[in-house]
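Letter by letter, the chains look like this.
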Amino acid sequence: MRCPRCGKETNVLVEGVCPDCYIEREKISLKKKVVHLCPRCGRIKVGKDWKSIGSIGEFISSNLKTKINEPKVKVEKVEIEKDRLHVLFVVYGMLGGKHVSKEVDTTIKIIREVCPSCLAPDSFDFKLQFRGDYQKPLDEALRIVDRYKLEKKREGIDLLVRDKKAARDIVKSLRKKFNFEIKESYKLVGEDVHSGRKRYKATFLLRFK
Ligand SMILES: [Zn+2]
Ligand SMILES: [Zn+2]
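Counting restarts for each chain, with residues numbered from 1 along the sequence as it is written. Starting at A for chains and at 1 for ligands, labels are handed out in the order in which the entities are written. A pLDDT threshold of at least 70 governs which residues receive local features in this predicted model, and a stricter bar of 80 or more applies before side-chain atom pairs are shown or counted, although totals over entire chains, interfaces and linings include all residues.

With that settled, consider the pairing of strand β6 (residues 69-81). Side-chain positions along a regular strand alternate between the two faces of the sheet. Bridging between β6 and strand β7 (residues 84-95) involves 10 bridges; their strand directions are antiparallel. What sits directly across from V73, in β7, is V91. Two successive antiparallel strands, β6 and β7, enclose a turn made up of two residues, where K82 displays a positive phi of approximately 45°. DSSP calls a pair of strands paired once it identifies at least 2 bridges connecting them. Note on conventions: DSSP H or I runs of at least 4 residues are helices, E runs of at least 2 residues are strands, and numbering of each starts at the N terminus.

Quick look at the structure:
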């Protein structure tokens, strides 16, 4: 049979026209035009999970109104403007036994909501033990880090920081000015249920000469 719109030979008609003509006319939209975004870490809510903004394609594909079977989404561009997410994407898949694709431009409203991981109280899982002639190096370390705890010990001072990056930044910066030996030890303490990230408690023993 022939498509009454474009006149091409086709095996199937979708709402009276061939798959190509149908997809050209179809207004592909989202069932839910709202996304929750955490203002602290920038992650978005996809289903029950909080994921990076890179997962916006996943959010869109699970949320499409289209006749395409098992539609796949390729995100071309994402822009955040105030309370809106502007997304340009391509939807592709099968329709009436044919491969079809279409470019879609859409805006999604942003609702800012602090995610559960960011709501969790501060934890100070990285411990830097300052030993030996440590006073100057410690002063230097405290200039770099913004959130920390100090614990006075008989042999020196323990500096507790929140994450690996803070700990690494301190060690890197101290290396430039001071001479010391370092011993690292790690202990697995759990896994973040939201991000799937493993949590470690780490101890860096720094002995200054
Ligand atoms: Zn047609
Ligand atoms: Zn967050």
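There's plenty left to go through after this.
A few words now on the domain arrangement of the chain. Each domain's extent was defined by an automatic or database domain assignment. Here the chain is described as being made up of domain 1 (19-117) and domain 2 (121-208). The straight-line distance from the C-alpha centre of domain 1 to that of domain 2 is 41 Å.

What follows deals with the nonpolar core. Ranked by size, the top nonpolar core spans 21 residues in total, and within it Y22, V35, I60, V87 and L95 carry the most contacts. Broken down by element, the residue count for this core peaks at five residues, all from β7. Note that contacts rest on C-beta atoms placed from the backbone: two residues are in contact if these are within 7 Å. Apart from residues lying up to four places away in sequence, Y22 is in contact with V14, E15, V17 and L95. In terms of nonpolar packing, the next biggest core, distinct from the first, is built from 14 residues, L128, A141, L159 and I170 among them. Nonpolar core, as used here: buried Ala, Val, Leu, Ile, Met, Phe, Trp, Tyr and Cys residues forming one set through C-beta atoms within 7 Å. Any residue surrounded by 20 or more other C-beta atoms within 10 Å of its C-beta is treated as buried, while 12 or fewer makes it exposed and the intermediate range makes it partly exposed; C-beta atoms here are placed from the backbone.

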